Amino acid sequence: MKFPKGFLIGGATSAPQIEGAYNKDGKSLTVADLKYFEDIKNRKDIKETKITNSKKIKFAFENESNLFFPKRVGIDFYNNYKEDIKLIYEMGMNAFRLSISWSRIIPNVDDNKVCKKGIDFYKNVFEECKKYNIEPIVTISHFDLPYKIVKKYGGWKNKKVIDLYIDYASVVLNEFKDYVKYWIPFNEINATIFSTWVSAGIIVDKEENLLESCYQALHNQFVANAKIIKIAKKINEKFKLGCMLAQFTCYSLDCKPENVLYNLKDQQIKVYFYYDLMVKGVYPKYMLKYFKDNNINLDIELDELELIRDNKIDYISFSYYMSGVNSLTENSKVEANLVKMGKNPYLTESEWGWQIDPIGLRITLNDLWDRYNLPLFVAENGIGINDKLENDFTIIDDNRIEYLKLHLNELKNSIQDGVNVFGYTTWTPIDVISSGSNEMSKRYGLIYVDQDDYGNGSKKRYKKNSYFWFKKFIDDSLY
Ligand code: BGP
């Protein structure tokens, strides 16, 4: 089966995981720049690593010269973007999802001084995309809040950050309006609850009522999202703005009604709430009840609710890596994206414990299409593997090929089911620094980067077996 005409297929990345050059050409420090590799205690159980508290921030600053900060180095895309985009093009990809780093555009955050070198960098990147007819899909904020937002404003829970984000995002929309049509204002917006540091700049031990602060931060992001949709449509009414969620598809452990209900409630809070709000433009009633039950009192203004109601998204995008299981009673848990999830006896797991569930992608796509009737875009899907570079410079990543084959097959099945999916970008076209575990060894790419966990290596790029497989898949699947 071929994809519908105009289908976007490519790879997804983020600025903090690829760019490097963390203090070059005026860029200021971000929350991602403060995550140090030595924080990894147990790579297969990274809960502790994901949490950033005041002690860790202090430690990072006091020991800056003795620690290694992987996201300061990335994979040096900043200097290597031409070669990387060419490789992406040669794989047959017609889409490239990337993010812009706020701290390159307005490094001081609140002085409105736009950094020309930052703008130039992204313009050069977009020029390369244009040269190869690659459609860029741009995330405006992807886990790299400028550190100053944390220090001076306490992160996204402060309403002042809405204005600062609007200043930044308006510059981005205006400067890159001739290159970009598809925008994603926030990566995995639900991560604000599960990964508070990178998403919202919230330090867990600094909050009296952590959950309340996180939901306030989230509300502020919803307001910013609505405002930026309004601004974007004035710049170009053809712009398409989408939400982006970490999709935590879960099943009830069994058909016991109590478990089914528990699973439904869990899905409402972790997933549906976000779509419901950004698609329908109102806070769902079940969420207001959840706030009440959990002693969460938010500062929500009437005019903010009107903004949210009047400025809704054009499409839904999400990351899909794995699925989980819910039950009222204790069942064993496995690692998953941002959270832990209940173990499913019918599924196998990746090296990092994420459960592999291709059919779950079809279930998710059907469910979201039925529920919202908005075009869907799979913004991330892929598998972390500790790939090895062989002596003959090949990389045998059959497990990745299998993972992609099965998921893309279910994507095609969903389209045949009648679901409107307009694009798919695999995480990632090229190896990047892992977001959650901050290591290089957890590789997702179809292109191998010769670099270890401490940033050592030639940084040369090599095509993995999956690169050739993907190229053929694209050739066979596009018109
Ligand atoms: C998502 C992020 C990405 C990415 C991916 C894989 O949460 O949007 O930035 O990294 O998950 O996660 P990880 O790198 O932790 O394996």
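Not measured: the values here are computed from a predicted model.

**Q** Pulling in residues and values, what's your account of the overall build of the chain?
**A** A tally of regular secondary structure across the chain gives 18 helices and 16 strands. For 479 residues, the compact-globule estimate of 2.2 N^0.38 gives 23 Å, and the chain sits close to it at 21 Å. Dimensions of the chain, computed from the C-alpha atoms along their principal axes, are close to 60 × 55 × 50 Å. Relative to its 479 residues, the chain shows a buried fraction of 62%. The contacts in the chain between residues at least 6 apart in sequence include a share of 76% that link residues at least 24 apart.

**Q** How would you explain the site of the ligand if you had to name every residue and give the values?
**A** What surrounds the ligand is a group of 15 residues, the closest being Gln17, Glu188, Ser435, Gly436 and Tyr444. Contacts to the ligand include Asn187, whose side-chain N or O atom sits 3.0 Å from an oxygen atom. Note that an oxygen atom of the ligand is positioned 2.7 Å from one of the backbone N or O atoms of Gly436. Isolated, the ligand exposes 370 Å² of accessible area, and the fraction of that covered by the protein chains is 99%. The site holding the ligand turns out to be the largest cavity.

**Q** I'd love a proper account of empty space enclosed by the protein, names of residues and values included.
**A** With the rule as written, the count across this model stands at eight cavities of 30 Å³ or more. Taken as a whole, the largest cavity holds about 330 Å³ of empty space. Along the walls of the largest cavity sit 27 residues, with Phe143, Asn337, Leu338, Ser435 and Gly436 positioned nearest its centre. Of the residues assigned to the lining of the largest cavity, the class counts are eleven nonpolar, ten polar and six charged.

**Q** Requested: an account of the side chain of Glu439, with residues and values cited.
**A** Within the fold, Glu439 resides in the loop between strand S14 (421–427) and strand S15 (447–449). Separated by 2.7 Å, the side chains of Glu439 and Ser437 make a polar contact.

**Q** How would you summarise the sheet that holds strand S2 (residues 95–99) if you had to cite specific residues and measurements?
**A** The strand order around the closed barrel built from eight strands is S1-S2-S3-S4-S5-S7-S13-S14, with neighbouring strands paired in parallel fashion. This sheet shows a mean twist of 25 degrees between the axes of neighbouring strands, independent of strand direction.

**Q** Go over the nonpolar core with me, naming the residues and quoting the values.
**A** Judged by nonpolar contacts, the single largest core of 149 residues is most densely connected at Trp156, Tyr165, Tyr215, Ile316 and Phe470. With eleven residues, the single largest contributor to this core is helix H12 (residues 210–235). Judged by nonpolar contacts, the second largest core, of ten residues, contains Leu8, Ala95, Met244 and Tyr315.

**Q** Before we move on, can you summarise the pattern of salt bridges with the specific residues and values?
**A** Pairing is possible between side chains of opposite charge, provided their charged atoms come close. On inspection of all chains with the given rule, the structure shows 31 salt bridges. The residue Arg461 makes a salt bridge to Asp84 at a minimum N-O spacing of 2.8 Å. Separated by 377 residues along the polypeptide, Arg461 in strand S16 (residues 461–463) and Asp84 in helix H5 (residues 77–90) bring together distant segments of the chain. Judged on exposure class, the residue Arg461 and its partner Asp84 are both buried. Here Lys289 and Asp293 are joined by a salt bridge, their closest N and O atoms 2.9 Å apart. On the criterion of helical spacing, the pair formed by Lys289 and Asp293 is a turn pair, its members being four residues apart in helix H14 (residues 285–293). Like Lys289, the residue Asp293 is exposed in the burial classification.

**Q** Tell me about the pairing of S14, residues and numbers included.
**A** Among the seven residues in S14, seven count as buried, and that is most of the element. The pairing of strand S1 (residues 8–12) with S14 spans five bridges and is parallel. From the neighbouring strand, Ile9 faces S14, where its bridge partner is Tyr424. Judged from the three bridges that link them, strand S13 (residues 376–380) and S14 form a sheet pairing that is parallel. Across the sheet, the residue bridging to Val378 is Tyr424, located in S14.

**Q** Summarise the pairing of strand S3 (residues 135–139); cite the residues concerned and give the values.
**A** In summary, the side chains of a regular strand alternate between the two faces of the sheet. Here S3 lies mainly inside the structure; four of its five residues are buried. In this sheet, S3 lies alongside S2 in parallel orientation, the contact comprising five bridges. From the neighbouring strand, Phe96 faces S3, where its bridge partner is Pro136.

**Q** I'd like to hear about unusual backbone geometry, residue by residue, with values.
**A** A cis geometry characterises the amide bond from Trp427 onward to Thr428, with omega recorded as 5 degrees. Within the secondary structure layout, Thr428 lies in the loop between S14 and S15. Of note in the backbone geometry, Glu188 takes a positive phi value of approximately 35 degrees without being a glycine. Structurally, Glu188 is set in the loop between strand S4 (182–184) and helix H10 (191–194).

**Q** Can you lay out the environment of Gly455 for me, pointing to particular residues and giving the numbers?
**A** Assignment of secondary structure puts Gly455 in the loop between S15 and S16. You can call Gly455 buried: its relative accessible area is 16%. Taking the C-alpha atoms as reference points, Gly455 and Thr348, separated by 107 residues in sequence, lie 31 Å from one another.

**Q** Let's hear about the layout of surface pockets: which residues, and what values?
**A** A volume near 200 Å³ is recorded for the second largest pocket. Along the wall of the second largest pocket there are 17 residues; nearest its centre are Tyr262, Asp266, Lys270, Asn326 and Lys333. Mapped by element, the contributors of at least two residues to the lining of the second largest pocket are helix H13 (257–280), strand S8 (324–326) and strand S10 (340–342).

**Q** Any details on H5? Residues and values, ideally.
**A** The first and last C-alpha atoms of H5 sit only 17 Å apart over 14 residues, clearly below the 20 Å expected at 1.5 Å per residue. By the largest-angle criterion, Glu83 marks the main kink of H5, which is about 40 degrees. Among the residues making up H5, those that are buried are Phe77, Tyr78, Asn80, Tyr81, Asp84, Ile85, Leu87 and Ile88. Positive phi shows up at Gly92, right after H5, with a value of about 95 degrees.

**Q** Run through the packing of H12 against helix H15 (residues 302–310), naming residues and quoting values.
**A** The geometry of H12 relative to H15 is characterised by a closest axis approach of 8 Å and an angle of 55 degrees between their N-to-C directions. In terms of orientation, H12 and H15 fall into the oblique class. For the pair H12 and H15, the sense of crossing is left-handed. For the pair H12 and H15, contact is made by His219, Phe222, Val223, Ala226, Lys227 and Lys230 and by Glu304, Leu307 and Ile308, respectively. Grouping the constituent residues of the contact of H12 with H15 by class yields five nonpolar, one polar and three charged.

Cut-offs and rules
Residue positions are given per chain, counted from 1 along the sequence in the order it is written. This being a predicted model, a pLDDT of at least 70 is required before a residue's local features are given, and a value of 80 or more before pairs of side-chain atoms are given or counted; all residues contribute to the totals for chains, interfaces and linings. Where side-chain values are given, they derive from all heavy atoms of the structure, hydrogens and water being excluded. By definition, any uninterrupted DSSP run of H or I lasting at least four residues is a helix, any uninterrupted run of E lasting at least two residues is a strand, and each is numbered from the N terminus. Here the radius of gyration uses the C-alpha set of atoms, whereas the globule reference equals 2.2 Å times the residue count to the power 0.38. Only protein chains enter the accessibility calculation, which uses a 1.4 Å probe. A residue is then buried if its area is under 20% of the maximum for its type, exposed if over 50%, and partly exposed in between. By definition in these notes, contact holds between two residues if any of their heavy atoms fall within 4.5 Å. Any residue with a heavy atom lying within 4 Å of a molecule or strand is counted as near it. Whenever a nitrogen or oxygen atom comes within 3.5 Å of another N or O atom, the pair is scored as a polar contact, on the condition that within protein one atom can donate a hydrogen and the other can accept it, and that pairs from neighbouring residues in sequence are kept only if both atoms are in side chains. Using a 1.4 Å probe, accessible areas were evaluated by the Shrake-Rupley method; residue-level cover was limited to the displayed protein chains. In this analysis the probe radius is 1.4 Å and the grid spacing 1 Å, with only protein atoms considered; a cavity is a set of points the probe fits into but cannot get out of, a pocket is an open set with protein on both sides within 12 Å along at least five of seven lines, and lining residues have an atom within 4 Å of a point. To be counted as sitting in a cavity or pocket, a molecule needs more than half of its atoms within 2 Å of that site's grid points. Grid points are joined across faces, edges and corners, and a volume is the space filled by probe spheres set on the points. Classes in brief: Ala, Val, Leu, Ile, Met, Phe, Trp, Tyr, Cys and Pro nonpolar; Asp, Glu, Lys and Arg charged; the others, Gly included, polar. Two strands form a pair only when DSSP identifies at least two bridges running between them. A fitted line through C-alpha atoms represents every axis, and for helices the fit uses only the stretch in contact; the resulting angles, taken between N-to-C directions, go from 0 to 180 degrees. Side-chain atoms within 4.5 Å are what join buried Ala, Val, Leu, Ile, Met, Phe, Trp, Tyr and Cys residues into a set we call a nonpolar core. For this analysis, a salt bridge means a side-chain nitrogen from Lys or Arg found within 4 Å of a carboxyl oxygen belonging to Asp or Glu. One less than the residue count of a helix, multiplied by 1.5 Å, gives the span that helix is expected to have. At every residue, the bend is computed as the angle between two fitted axes, covering the seven residues ending there and the seven beginning there respectively. Here the word oblique covers every angle except those under 35 degrees (roughly parallel), over 145 (roughly antiparallel) and from 65 to 115 (roughly perpendicular). What makes a crossing left-handed is the near helix being turned counterclockwise from the far one by less than a right angle; a clockwise turn instead makes it right-handed.

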